[in-house]
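# Tertiary structure, described
So you can see what is in the structure, the chains are spelled out below.
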Amino acid sequence: MADYTKLAAEVRTKFGKGAARKLRAADKIPAVVYGHGTEPQHISLPGHETMLLVRTANAVVDLDIEGAAQLALVKDVQRDPVRQIIEHVDLVVVRRGEKVTVDVPVVIEGESFAGTIHVQDLASVSLLVEATDIPEHVVVDVEGLEDGAQVLASQLELPAGAELETDAEALVVQIVTPRGTADDDAADEAAAEAGAEAGIEGGSAPVDADSE
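Just so it is clear, the structure is predicted and the values come from calculations on it, not from any experiment. (Residues numbered from 1 in each chain as written. Predicted model: local features only at pLDDT ≥ 70, side-chain atom pairs only at ≥ 80, totals over all residues. Heavy atoms only, no water.)

## Some thoughts on unusual backbone geometry
- Positive phi, close to 55°, is recorded for His 36, a residue that is not glycine.
- With respect to the helices, strands and loops of the structure, His 36 is situated in the loop between strand 2 (28-35) and strand 3 (38-46).
- What makes His 36 partly exposed here is its relative accessible area of 36%.
- Non-glycine residue Asn 58 carries a positive phi angle of around 55°.
- Tracing the backbone shows Asn 58 in the loop between helix 2 (47-53) and strand 4 (60-65). (Helix = DSSP H or I, 4+ residues; strand = E, 2+ residues; numbered from the N terminus. Buried < 20%, exposed > 50% of the residue type's maximum accessible area, 1.4 Å probe, protein only.)

Right, here's the structure in full:
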């Protein structure tokens, strides 16, 4: 069984912006736990531990809600748009063995063929996976791929047991030659040709013997 982060949570009885500000001032974060037909539970979480937890996408946490154990998936994190302080966390009840649909980040590894770059069209893909075995990311290896190469969602190497929910034909990564490079090469060739022609046309005129 996986070793999940454990957080001690407290039941909240006061709501509203004022109550939320007081919680955050005490280094606690308002949160709600819902799902599986249960009544939503409004709780508070320890600030520092929660901040570390949500750095990982689709984190699963083992909650201790005043003595009651509950496994939950971090579904959404609301942050202050300016200060980036966590304002609220939504958690969904999960059970061992069940499958959930989650968005998993796509990570690019390797270097494409010399002179080309990779363009990432999808930052994440949707997968159906076991709630207690969610991958941190999906890797795409672009090592040596040449201009025009494409990687579709259907070509991704998924973790064992994972099922693709994203459109199989969706473009994930493509390899291209930067336009500036191609244009610069063409311009250099054109300049060289123009210089050669100018040299021929503008060379020294033949000496007129009758003028000597």
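## What about the pattern of salt bridges?
- Evaluated as defined, the whole model comprises three salt bridges.
- Taking the shortest distance from any N to any O, the salt bridge between Glu 163 and Lys 99 comes out at 3.2 Å. In this pair, Glu 163 sits in strand 12 (residues 163-164) while Lys 99 sits in strand 7 (residues 99-109), placing the two residues 64 residues apart along the sequence.
- By relative accessible area, Lys 99 is classed as partly exposed at 37%. (Salt bridge = Lys/Arg side-chain N within 4 Å of Asp/Glu carboxyl O.)

## Looking at the nonpolar core
- Grouped together as the largest cluster of nonpolar side chains are 27 residues, with contacts concentrated most on Val 140 and Val 173.
- When contributions to this core are tallied by element, the ones reaching two or more residues are strand 5 (68-79), strand 7, strand 9 (124-130), strand 10 (138-141) and strand 13 (171-176).
- Counting residues per element, this core draws most heavily on strand 7, at five residues.
- When neighbours within four sequence positions are excluded, Val 140 is seen to be in contact with Val 106, Val 107, Ile 108, Glu 109, Val 151, Leu 156, Val 172 and Val 173. (Core = buried A, V, L, I, M, F, W, Y, C linked by side-chain atoms within 4.5 Å. Contact = heavy atoms within 4.5 Å.)

## Section: the environment of His 88
- Looking at the element boundaries, His 88 is found in strand 6 (residues 86-93).
- The sequence separation of His 88 and Val 32 amounts to 56 residues, and the corresponding C-alpha distance is 8.2 Å.
- Setting aside anything within four residues of it in sequence, one finds His 88 in contact with Arg 12, Ile 29, Pro 30, Ala 31, Val 32, Asp 76, Val 77 and Gln 78.

## Some words on the confidence of the model for the protein
- With 83% of its residues at a pLDDT of at least 70, the protein reaches an overall mean of 87.
- Considering only residues more than four positions removed or in separate chains, one finds that residues 204-212, a stretch of pLDDT under 50, has one contact. (pLDDT = per-residue confidence, 0-100.)

## Some remarks on the sheet that holds strand 12
- Spatially, 10-7-9-12 is the arrangement adopted by the four strands of the open sheet, whose pairing is mixed. In this open sheet, the two strands that pair with only one neighbour each are strand 10 and strand 12.
- Looking at chain direction, strand 7 and strand 10 are connected through four bridges and run parallel. The partner of Ile 108 across the bridge, within strand 10, is Val 140. (Pairing = 2+ DSSP bridges.)

## A few points about helix 1 (residues 17-25)
- All of the buried residues in helix 1 are Ala 19, Ala 20 and Leu 23. Buried residues in helix 1, looked at end-on, bunch into an arc of 100°, giving them a common side. Pointing more than 90 degrees away from the buried face of helix 1 are the exposed residues Lys 17, Arg 21, Lys 22 and Ala 25.
- Where helix 1 is buried, its residues contact strand 2 and strand 3.
- At the exit of helix 1 stands Asp 27, carrying a positive phi of roughly 60°. (Arc of directions from axis to C-beta.)

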